[in-house]
Structures are given as C-alpha cells and as structure tokens.
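Structure at a glance
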Amino acid sequence: MTIQQQTKVIDHTHFLIDGKLEAWKGAKAQVWSPITDDEGERVLLGSTPDLPSEEGMKALEAAKSAYDHGRGAWPTAPAADRIAAMEKFIELMVPKRDEVVNLLMWEICKKRSDAEKEFDRTVTYLQETIDEYKNLHREGSHIMSVDGTLAQIRRGPIGVVLCLGPFNYPLNETFCVLLPALLMGNTVVFKPAKYGVLLITPLLEAFAESFPPGVVNIIFGRGRTLASPIMQTGHIDVLALIGNSKSSNALISQHPKPNRVRQVLGLEAKNPAVIFPDADIDLAVKECVKGAWSFNGQRCTALKVIYVHKDVRDEFLSAFAAATDALKWGSPFENSDITPLPEVGKVGYMQDYVNEAVEAGARVVNERGGQVDGNCFFPAILHPVSRDTTIFKEEQFGPVCPVLDFEDFEEVLTDIAESDYGQQVSIFTRDAQIAGQCIDHMVNQVCRVNINASCQRGPDTLPFTGRKDSAVATLSVKAALRSFSIRTLVACSADQQGLVEEVIAGGHSSFSSMNYLL
Ligand code: G3H
C-alpha cells in the first residue's frame, strides 16, 4: 500500500563528543522509511554520519576523561547538581515531542498513539527517576553502627557506560537506561540503533546544553565499526544493551577483562500464553490479540507462542482468527494496528517461518494471515505447530504466532523448562487452584506471571527482568539506578566518632554528609 504522507529529508550532520556538536563532512548512512512510494520503493528520510572508529575512540576518551577514575567533576558532583542537569534535559526534551513522535512513525512505523505513548512514558519515567534518586540519596545520608563499627553506605557510579539501544523502543528503552546511568554519576558513550536513529537528532542539543562536556557522547554509525573497537580497549565498565544475547556476548568477549564489565541487558524472549479449559475465551482472545500483535509483534514482551487446551482449542482459534482478521493495516499516521516492518528482509523472514511450519503440518488459521503489501505482513496464526520448526524455537519478533494444543499441563511446563528464554508468561483461567499451581510452577522459570492478561513491561515502577537468555540485571524506575551503581561505604571503629563528626559538621566531604535532598 502507498501511504499518502509527505516528509522533508533530514540531512543530519552533527554528533556529540566532549560537549561539542561536531559537524561531520565524511561518509553518511542513508535512512529509509519502511513506508513505500508509488513505485514500491522505501521513502528516503535523510542521512546520519557514518562515523569511523577514530570518532568512536574520541567519544570514549571524552567519557573517560569526564569520569577520570571516579574523580571527575561529574561523578563527584553533589546530587543536586546532577538532578538539575537532568531536570534541564527533561525541560528541553518536552518541546521536541511532535518532532520525535513524527520520526517514530516514519522510521519504525510505530502507530501514532503508541509513538505518543512512548514519548510521554519516557518523560514520566525520567521524572520519577529523579524522585527515586532523591530517595536513594536520603537512604545513604545516615551512619549506622554495627558491632562497634560505624558505616555510611551510598550507591556510587561504576564508570564509563557503552549504551546501545533497540529499534522497537528507540527512545524509551534507550533513555530508560541512559539517563539513570548519567544520574548515578557514570559517563556514557551512546550509539543509537540502526532503525530509529533520526529521532534522536532533535534531542542532541538538549544533551549538549544539559550535561557537562564528556559526560554524554552520542555517535552515529555501525556497531561493528564503533562499538567493537571501544570494547577492545578495555575501558568500558558497563555495557547497557537492549537487543539480543548474540550481540551482547560478542561485545563482552572483546573486552580484555570481561569480568570487569557490568552488564545491563534486555534480551530476547518468547513469552508463552497458556489457555486453560475454563478460561474466559473472550478475554483470552482480547489479550492475545494485544499481546501478539501490538506493534506487529515487535516487542520483547510480545506473546510469541500460545498453548491452548484441546477442549477449547476450536473455540479459541476461531475467535482469535476473527479478531486478528479484524485488525486494520496501513499507515502509522492513521493509527493502523498493523504497519510496515522496518527491518530490510523481514517480510521474507516471516514468510519463511510460515512456509516451514506449513510444510511440517501447520495451517494458517486466519484468512488474512500472511498477506503482504509492501513491507506490511498481515499477522499469521499457525496451528498446530511442530516443536521441530524454527518458529517454535526462535524469537520471531514479528507478526507470526505459533499455537500448540495441550492436554496435560506438564507438556507446557517441559517446554518452558527447556526453553532458552525466561522473561514472562500469561495464563488464562478462572480457577483459583489452577492459577495457584501455575504461579508456583512458573515463578522460578520466568520473572513475571501474568494472570488473565498479556505480558508487558509496565507499570514502569515494577521490576522488569528475565532469566536465562532474556536479561541480565533488572530495570524499573528504582532498579535501573541500582543497576548502574555500586554500593560503597566508609567505615571506622566507634572510637573514631569524633573525627567522623568533624568531617560531617565541617562539610569536608560530600559523600560523608548528612545533607538531605528534599
Ligand atoms: O520490547 C520490550 C519492551 O520493553 C516492552 O515493553 O511491554 O511496555 O511494550 P512493553
């Protein structure tokens, strides 16, 4: 389908190193929309610098020198100064809403309401992060006495962070690690994802104006050219990556001392939905449509395999197929449910999943399943799916969903136990005994059991994490601050009380102080 919408081409030239917005005159990478024109060609949105590794090294040097082994002005700054920088950033970010939302629609085809939600949710997250940081700071502003030892414990920065974001939440998931990392006193080198890159550019000035030189450095280009050499230097202390374990393992293995790298990773998942015979089928269908197809299934929390009890299989499948076929495909600007897929070749991948599963005995349950128009792929429900197929084993990250029958819940539990993934699960039942058993069987296999609801990350104050290949560390408004910091304490025996009191009363240390942030 051709989407009637005009855009201006953005030839973006600047990147941010050491507080300076530098203009790049070298090679550029073109940015194309998944939306196609009348000839079926992707629409050109603009270009960004395709920086060589030398520029990546300069960014690293700037971050290193701003951190200065933890003695730099930023890691030692009073909490109030870091909060002021973050508040300024939020203030400068908010007026860019329309520009960023527009680019979210053009670049990754996130539908309008979801694009707006991504922006607003990010702003709220950052505001709540400041409140949580104040709490954390207050918690550290007292001295405890344990077995004759006086101790003051605070959370401090870890060092230089390399931050790499994903294409599906290029603003939210990136900023929800990048900004907490900065607030804790770390310094950062940030490289935006391949898709969803132009939308970062309206915010470069806000970063430059809010944070001191070198604290945040933003570079554009390929991961292999920029990130790999940076890791090889051994000067990265934290890898913050939302993506997949193949990329994170490859990067970590390049660090000469992998043990030194704190990993904050949101990775692949294949969250199952399990529909029991007593389930409210209407509710299960509604949640499975939302869970499997929101943003074309391109969410790490998407439902990516459905188990339905054979007693309700036919009822569920026909209602799920009808509700799926009722979805509207088309333009993100018109808030269509199903929109073009950003990744080049993705439609072909989806077709391969379907063809392989069909050859192994599945059928496409919904009439419109697998229809293609440009870069749009209409969601396909596959049933019954063999456990030997790729769609059963791999994270599809797109609009194809395998459905399997079960008679005995043990079969599902075995699959979950043997799976490489461990993020969340959704169960659909009205029976308290079944719900209780599911909870107990699954809480040690995944990190969130959703009852009669699809999987999701929010509300953002809840811990978001996963087992096995699905995550390392925990994210949430509160947990992200902890993930990007380390506990450090000052301790002495009780007979040193006088000296400690003098340090505090004289205002000789900002760590050892009783200043409460209100
Ligand atoms: O892609 C993974 C996201 O963190 C999912 O977040 O459940 O709010 O869509 P969401």
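Residues numbered from 1 in each chain as written. Predicted model: local features only at pLDDT ≥ 70, side-chain atom pairs only at ≥ 80, totals over all residues. Heavy atoms only, no water.

1. Topic: the site of the ligand
Every residue lining the ligand is accounted for by R121, N168, Y169, E173, R299, C300, T301, Q456, R457 and F464. A distance of 2.8 Å separates an oxygen atom of the ligand from a polar side-chain atom of R121. When isolated, the ligand has an accessible area of 310 Å², and the protein chains bury 96% of it. Of the residues assigned to the shell around the ligand, the class counts are three nonpolar, three polar and four charged. (Near = heavy atom within 4 Å. Polar contact = N/O pair within 3.5 Å; in protein donor to acceptor, adjacent residues only side chain to side chain. Areas by Shrake-Rupley, 256 points an atom, 1.4 Å probe, with all protein chains shown as cover. Nonpolar A, V, L, I, M, F, W, Y, C, P; charged D, E, K, R; others polar.)

2. Section: the sheet that holds strand β21 (residues 424-428)
Strand order across the open sheet formed by seven strands is β15-β18-β19-β14-β13-β21-β22, with mixed pairing between neighbours. Each edge of the open sheet is held by one strand with a lone partner, namely β15 (363-364) and β22 (448-451). In this structure, strand β14 (residues 303-309) lies alongside strand β19 (residues 400-406), joined through four bridges in parallel fashion. Residue pairing for β19: I306 is matched across the bridge by V403. Strands β15, β18 (380-383) and β19 of the sheet are contacted by helix α11 (residues 346-359), whose axis makes an angle of about 20° with β18. (Pairing = 2+ DSSP bridges. Helix = DSSP H or I, 4+ residues; strand = E, 2+ residues; numbered from the N terminus. Contact = heavy atoms within 4.5 Å. Axes fitted to C-alpha atoms, helices over the stretch in contact; angles between N-to-C directions.)

3. Focus: the pairing of β18
Residues of β18 alternate between two faces, with A380 and L382 on one and I381 and H383 on the opposite face, all of them buried. Sheet topology places β15 next to β18; two bridges connect them, and they run antiparallel. Note that in β18 the partner of R363 across the bridge is H383. Pairing of β18 with β19, which is carried by three bridges, proceeds in the parallel orientation. Residue pairing across strands places L382 opposite P402, the latter belonging to β19. (Buried < 20%, exposed > 50% of the residue type's maximum accessible area, 1.4 Å probe, protein only.)

4. A few points about the state of the cysteines
For the structure shown, the criterion picks out zero disulfides. Note on C163: no disulfide assigned, nearest cysteine sulfur contributed by C176 at a separation of 11 Å. Sulfur of C455: no disulfide; nearest cysteine sulfur belongs to C288 and is 9.4 Å away. (Disulfide = S-S within 2.5 Å.)

5. Concerning the nonpolar core
Ranked by size, the top nonpolar core spans 99 residues in total, and within it F175, L178, L179, F207 and F211 carry the most contacts. There are two domains that each give this core at least three residues, and those are domain 1 (54-267 + 472-483) and domain 2 (271-463). Contact partners of F207, with chain neighbours within four places excluded, come to L16, F89, F175, L178, L179, V216 and I218. Within the second largest apolar cluster, 31 residues are counted, among which are L341, V400, V425 and I427. (Core = buried A, V, L, I, M, F, W, Y, C linked by side-chain atoms within 4.5 Å. Domains from an automatic or database assignment.)

6. Digging into the domain arrangement of the chain
Along its sequence, the chain is organised into domain 1 (54-267 + 472-483) and domain 2 (271-463). Centre-to-centre, using C-alpha coordinates, domain 1 lies 32 Å away from domain 2. Contact residues are listed per partner, giving 25 residues for domain 1 and 21 residues for domain 2. For the pair domain 1 and domain 2, the summed buried surface comes to about 2100 Å²; carbon and sulfur atoms form 58% of the total. When the buried surface of domain 1 facing domain 2 is broken down by residue, C109, K111 and F167 rank first, second and third, together holding 26% of it. Our enumeration of links across domain 1 and domain 2 arrives at three salt bridges. (Buried area = accessible area lost by both parts, 1.4 Å probe. Salt bridge = Lys/Arg side-chain N within 4 Å of Asp/Glu carboxyl O.)

7. With respect to helix α5 (residues 172-183)
With twelve residues, α5 should reach 16 Å at 1.5 Å per residue; the first-to-last C-alpha distance of 16 Å fits that figure. Counting buried residues in α5 gives twelve out of twelve residues, a clear majority hidden from the surface. Burial in α5 covers these residues: N172, E173, T174, F175, C176, V177, L178, L179, P180, A181, L182 and L183. Phi turns positive, to about 105°, at G185, one or two residues after α5. (Expected span 1.5 Å × (residues − 1).)

8. A word on the pattern of salt bridges
A complete count under the given rule lists 19 salt bridges for this structure. Ionic pairing is found between K58 and E55, a salt bridge with its closest N-O pair at 3.1 Å. Of this pair, K58 and E55 are both found in helix α1 (residues 53-67), three residues apart, which corresponds to roughly one turn of the helix. Of the residues examined, K58 reaches a relative accessible area of 44% and is grouped as partly exposed. Residues E407 and K310 are paired through a salt bridge, measuring 3.5 Å at the closest nitrogen-oxygen approach. Here E407, found in the loop between β19 and α13 (409-418), pairs with K310, found in the loop between β14 and α10 (313-325); they are 97 residues apart in sequence, far enough to count as distant. Taking relative accessible area as the criterion, K310 reaches 35% and is therefore assigned partly exposed.

9. As for the side chain of R82
Position of R82 relative to the elements: it lies in helix α2 (residues 79-93). Buried within the structure, R82 lacks any salt-bridge partner; D81 is the closest side chain of opposite charge, at an N-O distance of 8.7 Å. A distance of 2.8 Å separates a polar atom in the side chain of R82 from the backbone oxygen of W74. Polar contacts involving the side chain of R82 include one to the main-chain carbonyl oxygen of P75, which spans 3.3 Å. In contact with R82, other than residues within four places in its own chain, are W74, P75, T76, A77, Y133, L182, L183, M184 and G185. (Lys, Arg positive; Asp, Glu negative; His and termini not counted.)

10. Describing the packing of aromatic side chains
For the structure on display, the rule yields 15 aromatic pairs. Their ring planes at 75° and their centres at 5.9 Å tell us that F167 and F397 sit as a pair that is edge-to-face. With F167 in the loop between β8 (160-164) and α5 and F397 in the loop between α12 (390-393) and β19, this pair connects stretches of sequence that are 230 residues apart. Of the two residues, F167 and F397, neither departs from the other in class, the shared state being buried. On the numbers, 5.2 Å between centres and 25° between planes, the contact of F316 with F320 is stacked. Pair noted here: F316 and F320 are both in helix α10, with a separation of four residues, about one helical turn. Members of the aromatic cluster, each reached through a chain of ring pairs, are W74, F89, F175, F207 and F211. (Phe/Tyr/Trp six-rings, centres within 6.5 Å; stacked < 30°, edge-to-face > 60°.)

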